[in-house]
Amino acid sequence: IGKSRCLQELSIHYMPKKEQQTYALVVGIARNQSIRTLDVDAREGLSDDEFSSFIAGVSIKLSQLEVLHLRCGDFGFGPSSYAALGTALRLRSGTVKLKDVSLSGNIGDIGVTSLENGLSRIAPFLKTLKLRRTSIGNDGLTALVRALANCTGLEILDLSLNEFDSAAAGLGSISHWLQRNQINLKELDLNTCGINDDGLQALAEGVANNCEELNLSYNDSITATGLIHLSHVLRPAICRLQHLYLRAMDIGDDGAEALAAGLAGNQSLRGLYFDNADTNLPMTPIGWSAFSTVLCDTSSINNTYLSNHTIELCWDDGYYDVDEDEYRVIVYARLNEQHPRYAAKCKILMGHPHLDMTPFLHWDLKFLPLVVDWFKRAKPCTTLTIQISFFDPARRVGVVGESDEAFQSRVLTAMYEFVRQRSTDVLKRRDALISEAWKDKIAMAEEEIKRLREDVEQRDGKIARLEDENKRLGKIIIESAKRSFSGSES
């Protein structure tokens, strides 16, 4: 080992039983100049002091390592061992460029705290960090988040098989860290961690917006209440989650409806994994109907088009003994996965045997070429098949399954309905126009009658004034004549 110049990966599955052998192994590793990956199984054969000595001996190689995996066993080692590893990482922080660190065993909160300073020094370079089955809880999570404060390039974080049943605060600190540092995790594994509804609520927002894959399987303390919190963060457009694992969890109808509400507006999720072939999902047709509506809402053509066409896989099952509601969800999910280009068109043809053309009537006859073109592009749906079960590749079923004659009949029916309804609409508009025209003529006649009446009234007024003036003038003439007659007699 010490002389090799080509050895790049060293895996030690059984540590030597004797101290001299362990020393010789350490010396060989220390002399080597080519090792980049060191994988050590220290679950047997080393005491606490021996493990500390081993770490101290190989610490000189930390500057050339890129991958470090240490399995410490269920009993683990004392704080001094993890402190030795933390010290080694801290002292060589200027040269250590570890990208992948994996530790397992009974490390506990105290062990993580002992590692905190060392991890903080290598955090800027980390791409993968795995602390599986390390017996850490709330305090350990808090210490880990402090250590990763400057870690912005982490892609994989595995904290599975720990005990986070009372770690809502620690899970919340992970959520805040993800959002504060704008971490773009590819994977976050939290399966079998005892997470409950409070923990999921604390974790949900940061994970949904900063993680592509989230594994919450076997956290059977999560109920529909927790899934409602998760559902809320699945809806916004900023959600980045692409794969969500919820295996071996009691989803139930309430949980299904909660998830469906979030998936209705989600465009990022590609895989929603419920369970495997060995167990049955505890859902009734109510829960399956909620998922079916999300994948294909048949209440209208527009709602079908706006349904979720991105979820590609729902669960791993044999699909041999399922009821109609579950089978419908299977078909929609497989359609999204295997024929994403035609998913929306196929669902429209499947859910609407007779297309309702009423919403398109306002486009007038110029819409007809668009109808013909849409059917032309949807024609391949009649021959598409999907593989229903991964366990039986030969088992394929047709999606729409229509003959050419049946499809052509559907096209002609849609066109006929459009033209017929359009003609009916034209007649209705004609009657409305005629009615409006008559109303306009009547209104004009009434205005003319009103004008003539005003003219008559004005004429009558003038005549009355002239008659009054004639009477006045007649009186003046008579009075003048009387005065003239009286003067001539005198």
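As shown above, the structure is provided for reference.
The rules we used
Residues numbered from 1 in each chain as written. Predicted model: local features only at pLDDT ≥ 70, side-chain atom pairs only at ≥ 80, totals over all residues. Heavy atoms only, no water. Helix = DSSP H or I, 4+ residues; strand = E, 2+ residues; numbered from the N terminus. Contact = heavy atoms within 4.5 Å. Areas by Shrake-Rupley, 256 points an atom, 1.4 Å probe, with all protein chains shown as cover. Buried < 20%, exposed > 50% of the residue type's maximum accessible area, 1.4 Å probe, protein only. Axes fitted to C-alpha atoms, helices over the stretch in contact; angles between N-to-C directions. Parallel < 35°, antiparallel > 145°, perpendicular 65-115°, else oblique. Nonpolar A, V, L, I, M, F, W, Y, C, P; charged D, E, K, R; others polar. Phe/Tyr/Trp six-rings, centres within 6.5 Å; stacked < 30°, edge-to-face > 60°. Salt bridge = Lys/Arg side-chain N within 4 Å of Asp/Glu carboxyl O. Core = buried A, V, L, I, M, F, W, Y, C linked by side-chain atoms within 4.5 Å. Pairing = 2+ DSSP bridges. Expected span 1.5 Å × (residues − 1). Bend = angle between axes of the 7 residues up to and from the residue. Polar contact = N/O pair within 3.5 Å; in protein donor to acceptor, adjacent residues only side chain to side chain. Disulfide = S-S within 2.5 Å.

Draft legend 1. Examining the overall build of the protein more closely. Per the secondary structure count, the protein includes 15 helices and 12 strands. Counting only contacts in the protein whose residues sit at least 6 apart along the sequence, the fraction spanning at least 24 positions is 83%. Element-wise, carbon and sulfur atoms account for 53% of the exposed surface of the protein, whose accessible area totals about 25600 Å².

Draft legend 2. Fine view of the environment of Ser-34. Here Ser-34 lies in the loop between α1 (19-31) and β2 (37-41). By relative accessible area, Ser-34 is classed as buried at 8%. It is 7.8 Å that separates the C-alpha atoms of Ser-34 and Gln-64, two residues lying 30 residues apart in sequence. Not counting residues within four places of it along the chain, the set of residues in contact with Ser-34 comprises Ser-4, Arg-5, Cys-6, Leu-7, Gln-8 and Gln-64.

Draft legend 3. Quick look at the packing of helix α4 (residues 108-122) against helix α5 (residues 138-147). In the contact formed by α4 and α5, the axes pass within 8 Å of each other and the chain directions differ by 0°. Taken as axis vectors, α4 and α5 run roughly parallel relative to one another. Residues Asp-109, Val-112, Thr-113, Glu-116, Leu-119 and Ser-120 of α4 form the contact with α5, whose participating residues are Asn-138, Asp-139, Gly-140, Ala-143, Leu-144, Arg-146 and Ala-147. Tallied by class, residues from the contact of α4 with α5 come to 5 nonpolar, 4 polar and 4 charged.

Draft legend 4. Summary view of the environment of Leu-144. Here Leu-144 lies in helix α5. C-alpha of Leu-144 to C-alpha of Glu-116: the two residues are 28 residues apart in sequence and 6.5 Å apart in space.

Draft legend 5. Just the packing of aromatic side chains, in detail. Considering all chains together, one arrives at 4 aromatic pairs under this definition. Where Phe-375 meets Phe-407, the ring centres are 5.9 Å apart and the plane angle is 75°; that geometry is what we call edge-to-face. Placement of Phe-375 in helix α14 (residues 368-378) and of Phe-407 in helix α15 (residues 404-489) is noted, with a sequence separation of 32 residues between them. Classification of Phe-407 as buried rests on a relative accessible area of 4%. A connected cluster of aromatic rings, assembled from ring pairs, spans Trp-374, Phe-375 and Phe-407.

Draft legend 6. Seen up close, the pattern of salt bridges. With the rule as written, the count across this model stands at 15 salt bridges. Linking Arg-71 and Asp-41 is a salt bridge whose minimum nitrogen-to-oxygen distance equals 3.8 Å. Taken as a pair, Arg-71 in strand β3 (residues 67-71) and Asp-41 in strand β2 lie far apart in primary sequence, 30 residues in all. The class of Asp-41 is buried, set by a relative accessible area of 7%. The residue Arg-328 makes a salt bridge to Glu-324 at a minimum N-O spacing of 3.2 Å. Placement of the pair is Arg-328 and Glu-324 together in helix α12 (residues 324-338), with a separation of 4 residues, close to one helical turn. Looking at Arg-328, the relative accessible area reads 27%, which means it is partly exposed. Judged by its relative accessible area of 58%, Glu-324 falls in the exposed class.

Draft legend 7. Representation of the nonpolar core in the model. Judged by nonpolar contacts, the single largest core of 96 residues is most densely connected at Leu-159, Phe-164, Trp-177 and Leu-190. With residues near it in sequence (within four places) discarded, Leu-159 still touches Leu-131, Ile-136, Leu-141, Leu-144, Phe-164, Ile-174, Asp-189, Leu-190 and Cys-193. If you look at the next biggest cluster of nonpolar residues, it comprises 27 residues, including Leu-335, Ala-343, Met-357 and Val-411.

Draft legend 8. Up close: the sheet that holds strand β9 (residues 243-245). Spatially, 10 strands are ordered β1-β2-β3-β4-β5-β6-β7-β8-β9-β10 in an open sheet, and the strand pairing comes out parallel. Two strands close off the open sheet at either side, each with one partner strand: β1 (9-12) and β10 (271-273). The average angle at which neighbouring strand axes cross in this sheet is 5°, direction not considered. One ladder, built from 3 bridges, connects strand β8 (residues 211-215) with β9; its direction is parallel. Pairing of Asn-215 across the sheet is with Tyr-245, part of β9.

Draft legend 9. Representation of helix α7 (residues 197-210) in the model. For α7, with 14 residues, the first-to-last C-alpha span of 20 Å sits near the 20 Å given by 1.5 Å per residue. Of all bends in α7, the biggest is about 45°, found at Ala-204. Most of α7 sits out of view: 10 of its 14 residues are buried. Within the sequence span of α7, burial applies to Asp-197, Gly-199, Leu-200, Leu-203, Ala-204, Gly-206, Val-207, Ala-208, Asn-209 and Asn-210. On its buried face, α7 sits against α6 (168-180), β7 (185-189), β8 and α8 (224-234). Where α7 starts, the residue carrying a side-chain oxygen 3.2 Å from the main-chain nitrogen of Asp-198 turns out to be Asn-196.

Draft legend 10. Representation of the side chain of Asn-336 within the structure. Position of Asn-336 among the secondary structure elements: in helix α12. By relative accessible area, Asn-336 is classed as buried at 1%. Reaching out from Asn-336, the side chain makes a polar contact with the backbone oxygen of Asn-308 at a distance of 3.4 Å. Setting aside residues no more than four positions away along its own chain, Asn-336 makes contact with Leu-295, Asn-308, His-309, Thr-310, Ile-311, Glu-312, Ala-343 and Lys-347.

Draft legend 11. Broad picture of the state of the cysteines. For the coordinates displayed, the defined rule picks out 0 disulfides. Of all cysteine sulfurs, the one in Cys-239 lies closest to Cys-211, which takes part in no disulfide; the gap is 9.9 Å. Cys-211 sits in the buried class, given a relative accessible area of 0%.

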